[in-house]
Amino acid sequence: LAQKYDPQKEAELRTWIESVTGQRIGPDFQKGLKDGVILCELMNKLRPNSVRKINRSAQNWHQLENLSNFIKAMASYGMNPVDLFEANDLFESGNLTQVQVSLLALAGMAKTKGLQSGVDIGVKYSEKQQRNFDEAKMKAGQCVIGLQMGTNKCASQSGMTAYGTRRHLYDPKNQILPPMDHSTISLQMGTNKCASQVGMTAPGTRRHIYDAKTGTEKCDNSSMSLQMGSNQGANQSGQVFGLGRQIYDPKYCPQGSQGEVANAACDQSGDPPGYHYYREEEES
């Protein structure tokens, strides 16, 4: 608090108080105002009969009484309670910064009330400008949108894009170009100019992935790979549907050349070798 004390403001207060009261404070500002006599005279100049009794005794309690009367007179003069100081702040030099703030506020209040002095000090208080409106005026104001809420005057949907259309963000500082016409497709999105479906395969057709670095070659999609087999020269010759299939087993089939087997098949009376077991079952 002591560091906030302003010596320049003290000099201005000294000049203002001396010009209003006509009394000298002395070289020491705190000791000159400690007894409260000059301060009580100041209040009587600002507002007559504010302090009815001024004690000019050197007794401590008389001086404290003068300071208390001065503080009560400032409150009656219209000062804010936060701008007041206590008697010990000046008497015992407890808080001279608050004393300086209070005297500056008092000078500002005096200027507000129209006091003319040769020293321009203090800040003039703002005057309250109260308005009284009738009931009809108050109801009419409910239909008016305040400027703090913005305005929709002259608003339209001209130039607005369709809902869901992308928004182009650009910044001149980062060398991003301004947005183009929304009806034009940007080159960053590619182009469908001269596009056709030539060479496109049917939906579901396999796609051959190849890579030149790994030696994978691109093959014709219309040709069938050898890994999938081939149906070239295929027919249904020799296929039997629904009939039994003969299973060859050397254990039961005759041994010999093809000619012997054919002769044995033509001889129905004889028992071919290796088939007597079946003949016996047929006879039985």
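Structure's up top.
Presented here is a report on the structure given in the accompanying data block. One numbering rule holds for all chains: residues counted from 1, following each sequence as written. Where local features are concerned, this predicted model is filtered to residues with pLDDT of at least 70; where side-chain atom pairs are given and counted, the filter is 80 or more; whole-chain, interface and lining totals use all residues. In computing side-chain values, all of the structure's heavy atoms are included and hydrogens and water are not.

## Some points on the environment of Glu 41
Here's step 1: You can see Glu 41 is positioned in helix α3 (residues 37-46).
Here's step 2: For Glu 41 and Val 51, which are 10 residues apart along the polypeptide, the C-alpha to C-alpha distance reads 8.0 Å.
Here's step 3: Any two residues whose heavy atoms approach within 4.5 Å at even a single point are treated as in contact. Those residues within four positions of Glu 41 in sequence are excluded, and the remaining contacts are Thr 21, Gln 23, Ile 54 and Arg 56. Numbering of helices and strands runs from the N terminus, with a helix taken as a DSSP run of H or I at least four residues long and a strand as a DSSP run of E at least two residues long.

## A short note on the packing of α3 against helix α6 (residues 96-112)
Here's step 1: Where α3 meets α6, the axes come as close as 12 Å, and the angle between the chain directions of the two elements is 15°. Considering the angle they form, α3 stands roughly parallel to α6. Viewed along their axes, α3 and α6 form a crossing whose handedness is left-handed. Contact residues: Leu 39, Leu 42, Met 43 and Leu 46 in α3; Leu 103, Leu 106 and Ala 110 in α6.
Here's step 2: In the contact of α3 with α6, the residues fall into 7 nonpolar, no polar and no charged. Axis geometry follows a simple rule: fit a line to the C-alpha atoms, using only the stretch in contact for helices, then measure angles between N-to-C directions, giving values from 0 to 180 degrees. When describing relative orientation, an angle under 35 degrees is termed roughly parallel and one over 145 degrees roughly antiparallel, while 65 to 115 degrees is termed roughly perpendicular and anything else oblique. Each helix crossing is assigned a hand: it is left-handed if the near helix lies turned anticlockwise from the far helix by less than a right angle, otherwise right-handed if that turn is clockwise. Only Asp, Glu, Lys and Arg are considered charged in this grouping, and only Ala, Val, Leu, Ile, Met, Phe, Trp, Tyr, Cys and Pro are considered nonpolar; every other residue, Gly among them, is considered polar.

## Comments concerning the environment of Asn 60
Here's step 1: Secondary-structure assignment places Asn 60 in helix α4 (residues 60-77).
Here's step 2: When the C-alpha atoms of Asn 60 and Lys 34 are compared, they prove to be 9.8 Å apart, with 26 residues separating the residues in sequence.

## Side note on the packing of aromatic side chains
Here's step 1: Each aromatic pair joins two rings of Phe, Tyr and Trp (for Trp, the six-membered one) with centres within 6.5 Å, and gets the label stacked for planes under 30 degrees apart, edge-to-face for over 60, and tilted for any other angle. If you walk through the whole model with that rule in mind, you get 1 aromatic pair.
Here's step 2: Note on Phe 70 and Phe 85: the rings are 6.3 Å apart at their centroids and 45° apart in plane angle, and the pair reads as tilted. Within this pair, whereas Phe 70 is found in helix α4, its partner Phe 85 is found in the loop between α4 and α5 (87-91), the two being separated by 15 residues in sequence.
Here's step 3: Only when the NZ atom of a Lys or the CZ atom of an Arg is both within 6 Å of the ring centre and within 35 degrees of the ring normal do we say a charge sits over the ring. In this structure, Lys 34 is placed above the aromatic ring of Phe 91, and the distance from its NZ or CZ to the ring centre is 4.8 Å.
Here's step 4: Here the basic side chain of Lys 113 rests over the ring of Tyr 77, its NZ or CZ set 5.1 Å away from the ring centre.

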